[in-house]
Amino acid sequence: MALLFWGGLFRLIEARGGSVAFDWNTVPDKIRMNLAQNGFLYDFGFDSKPWDGNSIPYRNDLQQDMSAIADYLKYNWLGKDWVNISPRLQNAITGRVLEIYFNAFDHSQSAVGVFSCGQHYPKLGFLHLTVIDFGIGIPSSVRSLPQNLDKTANEALQWAFEPGNSTKQDSISRGAGLNLLQEFIVKNHGNLTIFSNDGYVNIGDNIIYENTCTNFKGTLINIALRCDESYYCLATEAHQLKKRLF
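Trainee: Explain helix H4 (residues 66–76) here, please?
Mentor: Note that an α-helix has 3.6 residues per turn; residues three or four places apart therefore point the same way. Among the residues of H4, those classed as buried are Ile 69, Ala 70, Tyr 72 and Leu 73. When H4 is viewed along its axis, its buried side chains cluster within an angular range of 155° and face the same direction. Within H4, the exposed residues directed more than 90 degrees away from the buried face are Ser 67 and Tyr 75. On its buried face, H4 is in contact with strand E1 (55–61), helix H5 (87–107), strand E2 (114–121) and strand E3 (126–133).

Trainee: What should I look at first to understand the packing of aromatic side chains in this one?
Mentor: Geometrically, a pair of aromatic rings is defined through the distance of the ring centres and the angle of the planes. Tallied over the entire structure, the rule returns 15 aromatic pairs. The interplanar angle of 85° and the centroid separation of 4.8 Å between the aromatic rings of Phe 10 and Phe 44 together place this pair among those described as edge-to-face. Separated by 34 residues along the polypeptide, Phe 10 in helix H1 (residues 2–15) and Phe 44 in the loop between helix H3 (40–43) and E1 bring together distant segments of the chain. We note that Phe 10, like Phe 44, is buried. On the basis of an interplanar angle of 90° and a centroid distance of 5.8 Å, the ring pair of Phe 134 and Phe 216 is categorised as edge-to-face. Here Phe 134, found in the loop between E3 and helix H6 (138–142), pairs with Phe 216, found in strand E5 (residues 207–226); they are 82 residues apart in sequence, far enough to count as distant. Exposure remark for Phe 134: the relative accessible area of 8% places this residue in the buried category. The ring of Phe 44 has Arg 11 sitting right over it, with the charged end atom 4.2 Å from the ring centre. The ring centre of Tyr 72 lies 4.8 Å from the NZ or CZ of Arg 59, which sits over that ring.

Trainee: I'm lost on the sheet that holds E1 in this one. Help?
Mentor: Sheet strands associate in pairs through backbone hydrogen bonding, adopting either a parallel or an antiparallel arrangement. The five strands are arranged E1-E2-E3-E5-E4 in an open sheet whose pairing can be described as antiparallel. Looking at the sheet topology across the chains shown, the edges are occupied by E1 and strand E4 (191–203). Pairwise comparison of adjacent strand axes, ignoring direction, gives a mean angle of 15° for this sheet.

Trainee: Is there a simple way to think about the nonpolar core in this case?
Mentor: For soluble globular proteins, the rule of thumb is that nonpolar side chains tend to be buried together. Of all hydrophobic cores here, the largest spans 42 residues; its most connected members are Leu 73, Trp 77, Ile 93, Val 97 and Ile 223. Listed by contribution, the elements that provide at least two residues to this core are H4, H5, E3, H6, helix H7 (153–161), helix H8 (177–188), E4 and E5. Of the residues forming this core, the biggest block, seven residues, is contributed by H5. Residue contacts for Leu 73: discarding those within four places in its chain leaves Leu 78, Gly 79, Thr 94, Val 97, Leu 98, Tyr 101 and Leu 129. Leu 3, Phe 10, Val 27 and Leu 41 belong to the second-largest nonpolar core, a separate cluster that totals 19 residues.

Trainee: How should the side chain of Thr 193 be read in this particular structure?
Mentor: Looking at the element boundaries, Thr 193 is found in strand E4. Taking the relative accessible area as the measure of exposure, Thr 193 reaches 10% and is therefore buried. A distance of 2.7 Å separates polar atoms of two side chains, one belonging to Thr 193 and the other to Asn 191. Excluding residues that lie within four positions of it along the chain, Thr 193 makes contacts with Tyr 200, Val 201, Asn 202, Leu 220, Ile 221 and Asn 222.

Trainee: It is not clear to me how the packing of H4 against H5 should be interpreted in this structure. Could you clarify?
Mentor: The relative placement of two packed helices is expressed as an angle between their axes plus a distance between the axes. Viewed as axis vectors pointing N to C, H4 and H5 meet at an angle of 135°, and their least axial separation amounts to 10 Å. Judged by the inter-axis angle, H4 sits oblique to H5. The crossing of H4 and H5 is right-handed. Contacts from Met 66, Ile 69, Ala 70, Tyr 72, Leu 73 and Lys 74 in H4 reach Gln 90, Asn 91, Thr 94, Val 97, Leu 98, Tyr 101, Phe 102 and Phe 105 in H5. Of the residues belonging to the contact of H4 with H5, the class tally is ten nonpolar, three polar and one charged.

Trainee: For this particular structure, what's the right way to read the environment of Thr 212?
Mentor: Tracing the chain through its elements places Thr 212 in strand E5. Owing to a relative accessible area of 23%, Thr 212 belongs among the partly exposed residues under this scheme. Sequence-wise, Thr 212 and Ser 196 are 16 residues apart; in three dimensions their C-alpha atoms are separated by 9.7 Å. In contact with Thr 212, not counting residues within four places along its chain, are Asp 198, Gly 199 and Tyr 200. In this structure the side chain of Thr 212 is engaged in a polar contact, spanning 3.1 Å, whose partner is the backbone oxygen of Thr 214.

Trainee: Help me understand the environment of Asp 23, please; the structure alone is not making it clear to me.
Mentor: Here Asp 23 lies in the loop between H1 and helix H2 (29–37). Overall, the relative accessible area of 47% leaves Asp 23 in the partly exposed class. In the structure, Asp 23 is positioned 83 residues away from Asp 106 in sequence and 35 Å away in space, judged by C-alpha atoms.

Rules used in this analysis
- Residues numbered from 1 in each chain as written.
- Predicted model: local features only at pLDDT ≥ 70, side-chain atom pairs only at ≥ 80, totals over all residues.
- Heavy atoms only, no water.
- Buried < 20%, exposed > 50% of the residue type's maximum accessible area, 1.4 Å probe, protein only.
- Helix = DSSP H or I, 4+ residues; strand = E, 2+ residues; numbered from the N terminus.
- Arc of directions from axis to C-beta.
- Contact = heavy atoms within 4.5 Å.
- Phe/Tyr/Trp six-rings, centres within 6.5 Å; stacked < 30°, edge-to-face > 60°.
- Lys NZ or Arg CZ within 6 Å of the ring centre and 35° of its normal.
- Pairing = 2+ DSSP bridges.
- Axes fitted to C-alpha atoms, helices over the stretch in contact; angles between N-to-C directions.
- Core = buried A, V, L, I, M, F, W, Y, C linked by side-chain atoms within 4.5 Å.
- Polar contact = N/O pair within 3.5 Å; in protein donor to acceptor, adjacent residues only side chain to side chain.
- Parallel < 35°, antiparallel > 145°, perpendicular 65-115°, else oblique.
- Left-handed = near helix turned anticlockwise from the far one by under 90°.
- Nonpolar A, V, L, I, M, F, W, Y, C, P; charged D, E, K, R; others polar.

Bear in mind that shape data such as this cannot, by itself, settle questions of function.
Next comes the structure, spelled out in structure tokens:
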């Protein structure tokens, strides 16, 4: 997560006319190697191109290219077989996470786009993906609707998780992604963490919505999936498999 803050803040300062530079000589060799492997150094002008490994590549999407982002999620995140998951469920979850990107582009008003990267931790048995934007934040977006003006940050985040809710008033179906992603996180015994404005969400074995004393003017979403031996599939697939077996 810290890596995305570094990259995002760098680009945000640039976008606002400021000047900033990394002192690469202070970066330990082991960390520098990881920054090269996941593409962070390449994004900041180094010749070393990223290579395949345990990292989910660092990327900064300035424009909405859902086809490219879908490929990124499919081949660099769930498609690595780090989580034992059926192809149909993989596609379904990818679609839910795509909605996070869609909402970031559609609602956040971020001047520097959307940043994402992740990491597989084999020894810990977890797979992390983090998505961050430096826009107005989910609570601020939710309060743009007249009926939500008085909602606190945690109330606004709860509203965003309810199926069908969206601050975009059009004919496109939105708002289901966070709710459906939440269901999978709970079944997987993983974790979903969101920081947005002064709101905080932590979804795992317990579900926590809180107002915090800090105020991040943007949205950070971290998805942690448990890489266990369980096989995950859609309920309809499980039913069909049972019919074949019996």
